[in-house]
Amino acid sequence: MTPTLLLIEDDAALRRSLAQSFELEDITVIAASSFVMAKSHITRDFSGVILSDIRMPGKDGFDVLAYARKTDPDLPVVLLTGQADVPMAVRAMAEGAYDFRQKPCPPEQLLEVVNRALEHRHLVLKSRDMERQLQAGDAAATNFPGTSAPVVRLREALRQAAALPVHAYLHGPAGAGKRLGAHTIHALTTDRQRFIALSLRDTSVDALHTLDLTRQPTDLSIKSLDLATTGQQDALLTLMEQFPNLRVIASSPHSLEKLRQNGLRDDLFYALDMMQIEVPSLAQRRKDLAVIFEALVRQTVRGMNGEMREIPENLYAQVVARDWPDNLPELRNFARSFALGLNVQTDATKRAELSLSEQMSAFEKLVITDTLRRFGGKSATVAEALGLPRKTLYDKLAKHSLRAKDFRKPSS
């Protein structure tokens, strides 16, 4: 989004001078000599900010401020005045001005204020856009936000599973969202009013046999299929045969083929094989970490009937840079801590205090780590992909305490 400034100044020479200063900083300027000329640009969807003189013929800067606040309370308005008037400054801030500056204001100070206001506006509009997407989207879009290829494939698979009268099997690492995937399939299905969730870790064979499935079409979520005993497998197959309106959505960390090698019955394998869905880890969805984090914060805020806090950009950077080995539970806990105002802000503040070289080093480690994961720790391939001599790659691995062998996939 191109940064935009609505500049309202009745002095033509000063208006041109200010416009040129901001345009040199790649800020698009919409120049107006009065409130009447500027009014049509002041909308709720205006992506920029307003910089207005206070003393103007006709309607003045306070009229601009009042109209902007009525149109959108989150639209930043910076007011300028040629007089050092303390009561005027107090009034401006009391009525909701983003900032107040006296003319002549040093260009670098004015640019810093406008840039801060633009960043605030960007975050507000980004938050609103996500809110609209969540309200308009289906359960797949709400529960698995993002644009990375793995999550796009996941959403398509979940929608397909919801539309077909077949059993399904979800697999992926612990905490990736398999249980959420089962709930999503159920939520996307219009003809199933009942959802039952069980874990084979703590469900007996008798409990399976005595399930009441006679009333209406039911989705039965079965967690930890990898732990299924022979008796539990028999009971599941019996349920599938006796109740045609039953859909089983089973899950485990392993592929169905792996479970079959470890003793899963062939008839249960084939019953679930028609719809196998892989739920990617957060490491595979790193591109989406910022949007996932924001969605989790928003979810927490909704649950508390609170107001959404502004998430600092440096906190987004911290989320993207961190590894999340425990996947969603770990990131959800981090999001809840931020939403509740606990110690997450301290971590963000520490990151904000990092020097440029330290931040670049952290980013370099992130890129190398992602590439090691992508190519299974094959040093030669990683070096080629990154355009580095192999010795340089080894030096960087040592610098960041990384070992290629830690990323090598076990042979099957």
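Remember, predicted model here, so these are calculated numbers, not experimental data. (Residues numbered from 1 in each chain as written. Predicted model: local features only at pLDDT ≥ 70, side-chain atom pairs only at ≥ 80, totals over all residues. Heavy atoms only, no water.)

Draft legend 1. Expanded view of the overall build of the chain. When you go through the chain residue by residue, the secondary structure sums to 19 helices and 10 strands. Whereas a compact globule of 412 residues would reach a radius of gyration of roughly 22 Å, the chain reaches 28 Å, over 25% beyond that. Its C-alpha atoms give the chain principal-axis dimensions of roughly 85 × 60 × 35 Å. By residue count, 44% of the 412 residues in the chain fall in the buried class. For the chain, long-range pairs separated by at least 24 residues make up 69% of all intrachain contacts whose partners lie at least 6 apart in sequence. About 21300 Å² of surface is accessible on the chain, with carbon and sulfur atoms providing 51% of the total. The averaged location of the 51 negative side-chain charges in the chain is 3 Å from the averaged location of its 53 positive side-chain charges. (Helix = DSSP H or I, 4+ residues; strand = E, 2+ residues; numbered from the N terminus. Rg over C-alpha atoms; globule rule 2.2 N^0.38 Å. Buried < 20%, exposed > 50% of the residue type's maximum accessible area, 1.4 Å probe, protein only. Contact = heavy atoms within 4.5 Å. Areas by Shrake-Rupley, 256 points an atom, 1.4 Å probe, with all protein chains shown as cover. Lys, Arg positive; Asp, Glu negative; His and termini not counted. Charge placed at Lys NZ, Arg CZ, Asp CG, Glu CD.)

Draft legend 2. Focus on the pattern of salt bridges. Taken as a whole and judged by the stated rule, the model has 17 salt bridges. For Asp99, the salt bridge identified is with Arg101, shortest N-O distance 3.3 Å. Within this structure, Asp99, Arg101, Glu112 and Arg116 form a network of salt bridges that share partners. (Salt bridge = Lys/Arg side-chain N within 4 Å of Asp/Glu carboxyl O.)

Draft legend 3. Representation of the pairing of strand 4 (residues 77–81) in the model. For strand 4, the buried fraction is high: five of the five residues fall into the buried class. Inspection of the sheet shows strand 3 (residues 49–53) paired to strand 4 by four bridges, in the parallel sense. Residue pairing in the sheet places Ser52 in a bridge with Leu79 of strand 4. Handedness of the crossover joining strand 3 and strand 4 through helix 3 (residues 61–71): right-handed. (Pairing = 2+ DSSP bridges. Right-handed = clockwise from strand over helix to strand, strands pointing away.)

Draft legend 4. Main features of the packing of helix 13 (residues 289–303) against helix 15 (residues 328–339). Remark: helix 13 packs on helix 15, axes separated minimally by 8 Å, with the N-to-C direction vectors making an angle of 55°. For the element pair helix 13 / helix 15, the angle class is oblique. In the crossing of helix 13 with helix 15, the sense of the turn from one axis to the other is right-handed. Judged by residue contacts, Leu289, Ile292, Phe293, Leu296, Val297, Gln299, Thr300 and Val301 of helix 13 engage Leu328, Leu331, Arg332, Phe334, Ala335, Arg336, Phe338 and Ala339 from helix 15. Taken together, the residues of the contact of helix 13 with helix 15 sort by class into 12 nonpolar, two polar and two charged. (Axes fitted to C-alpha atoms, helices over the stretch in contact; angles between N-to-C directions. Parallel < 35°, antiparallel > 145°, perpendicular 65-115°, else oblique. Left-handed = near helix turned anticlockwise from the far one by under 90°. Nonpolar A, V, L, I, M, F, W, Y, C, P; charged D, E, K, R; others polar.)

Draft legend 5. Inspection of the packing of aromatic side chains at higher detail. Tallied over the full model, the rule gives five aromatic pairs. Where Phe35 meets Tyr67, the ring centres are 5.5 Å apart and the plane angle is 80°; that geometry is what we call edge-to-face. Remark: Tyr67 occurs in helix 3 and Phe35 occurs in helix 2 (residues 35–38); sequence separation between them is 32 residues. According to the relative accessible area criterion, Phe35 is buried, its value standing at 6%. Considering the side-chain rings of Phe269 and Tyr270, the 5.1 Å spacing of their centres and the 80° angle between planes classify their relative orientation as edge-to-face. You can call Tyr270 partly exposed: its relative accessible area is 48%. A connected cluster of aromatic rings, assembled from ring pairs, spans Phe293, Trp324, Phe334 and Phe338. It is Arg260 that lies over the ring of Phe269; its NZ or CZ is 4.4 Å from the centre. (Phe/Tyr/Trp six-rings, centres within 6.5 Å; stacked < 30°, edge-to-face > 60°. Lys NZ or Arg CZ within 6 Å of the ring centre and 35° of its normal.)

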